[in-house]
Structures are given as structure tokens and as C-alpha cells.
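Architecture at a glance
If you want the building blocks of each chain, they are given just below.
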Amino acid sequence: MLAAVVTIIILAVVAVMVYQNLTPPSQLGLHQGRLAALASTPNGVSTMAQDSDKSVAPLNFKADLKATQLAALRAFAHMPNNQIIERNERYVHAVFFSPRMGFRDDVELYFDQQNQVLHYRSQSRVGYSDMGVNRQRYQRFAELYTEAP
């Protein structure tokens, strides 16, 4: 009887994790010129984060908005396992996924024309810690973006 209860609990937890992994968070997008705040868990980074453990630097615009967008999209094109979900003049939402387990991380870009900076937010959909994956992804993105003409 105890084994059956434990099995049911494990299956329920797995089902919830699968659902969360496959469902984009509702708070994504631009809200009054800001990207969503990160969760309290250590599984994301953002240029708008107040917590130094989660903060990364915004990137300076290229020559203009179009050049900035092109450089950002080229950076994504050189990074594996991602798909752009939404894109407009001010915002990009991409999903990165791990090839083995299929875990999804949402990456958002905000092209802040007023301040001439590119804001970045990346957070895992499930799990407590990302083991530094989102920070490493930001660093690779920043490198590729900076190298672009």
C-alpha cells in the first residue's frame, strides 16, 4: 500500500514538472517597459535584476535598432537548441531546450531605444537551480552579439 502511494506521488510530481516545462510562464513579455522579475530561485539572470547574484550587464546598441536586432538574431542563430517564439520591433522571446532532457529556458530581449541598450532575461521553467546554465548562456550570447558587426 505504501509503495502505491509513493508511486502516485512521484507520478504526480513528474506530471506537474512536465506541464510546467511545456507551458510558457504567463508573466513573460514587456510590462511598462520592463521584463518580468526573476523568481526567488537561483535559476535565471537578467539585466534588470536587483540581486547581484542574478544580475548581468545590459549590452550597448549597435549603430541603430536594426543593426542591434540583426546582431542579436545572429547570436541566437549561432547558439544551439533554440527557437524564436515571438519577435517584434522592441522584443524577442526565444526558448532554449536541453537536448537530452528537454528542459526549457525562456530567453527574452528588450530593445530599449530610449537608453540605447539591449536588455536580457533568461530563466529556467522548472527546477530550483540551473547550475549556472543561464549565466553561461548570457555570456555566450554577449560574446556573439559583441563580435557581430
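What counts and how
Residues numbered from 1 in each chain as written. Predicted model: local features only at pLDDT ≥ 70, side-chain atom pairs only at ≥ 80, totals over all residues. Heavy atoms only, no water. Helix = DSSP H or I, 4+ residues; strand = E, 2+ residues; numbered from the N terminus. Buried < 20%, exposed > 50% of the residue type's maximum accessible area, 1.4 Å probe, protein only. Contact = heavy atoms within 4.5 Å. Areas by Shrake-Rupley, 256 points an atom, 1.4 Å probe, with all protein chains shown as cover. Salt bridge = Lys/Arg side-chain N within 4 Å of Asp/Glu carboxyl O. Polar contact = N/O pair within 3.5 Å; in protein donor to acceptor, adjacent residues only side chain to side chain. Phe/Tyr/Trp six-rings, centres within 6.5 Å; stacked < 30°, edge-to-face > 60°. Lys NZ or Arg CZ within 6 Å of the ring centre and 35° of its normal.

1. Let's talk about the overall build of the protein
The number of helices and strands found in the protein is 3 helices and 6 strands. For the protein, the sequential pattern of α-helices and β-strands runs α-β-β-α-β-β-β-β-α. Expressed as a percentage of the 149 residues in the protein, the buried residues total 42%. In the protein, 53% of the contacts between residues at least 6 apart in sequence involve partners at least 24 apart. Accessible surface, the protein as shown: approximately 8,900 Å² in total, 58% of it carbon and sulfur.

2. Here's the deal with the pattern of salt bridges
Summed over all chains, the structure comprises 4 salt bridges. With its nearest N and O atoms 3.4 Å apart, the salt bridge here joins Arg121 to Glu108. Note that Arg121 is positioned in strand S6 (residues 117–124) and Glu108 in strand S5 (residues 104–112), a separation of 13 residues in sequence. For the pair Arg121 and Glu108, a shared accessibility class is recorded, and that class is buried.

3. Some words on the side chain of Thr47
Turning to its location among the elements, Thr47 is positioned in the loop between strand S1 (44–46) and strand S2 (59–60). Within the structure, the side chain of Thr47 is placed 2.7 Å from the side chain of His119, a separation counted as a polar contact.

4. Describing the packing of aromatic side chains
The full count for this structure, using the stated rule, is 5 aromatic pairs. Ring plane angle 35° and centroid distance 5.3 Å describe the contact between Tyr120 and Phe141, whose orientation is recorded as tilted. Of this pair, Tyr120 sits in strand S6 while Phe141 sits in helix H3 (residues 133–147), and the two are 21 residues apart along the sequence. The pair formed by Tyr120 and Phe141 is uniform in burial state, with each residue classed as buried. Ring pairing ties together the aromatic residues Phe76, Phe96, Tyr120, Tyr138, Phe141 and Tyr145, which thus form one cluster. Above the plane of the ring of Tyr145 lies Lys62, whose end atom (NZ or CZ) is 4.9 Å from the centre.

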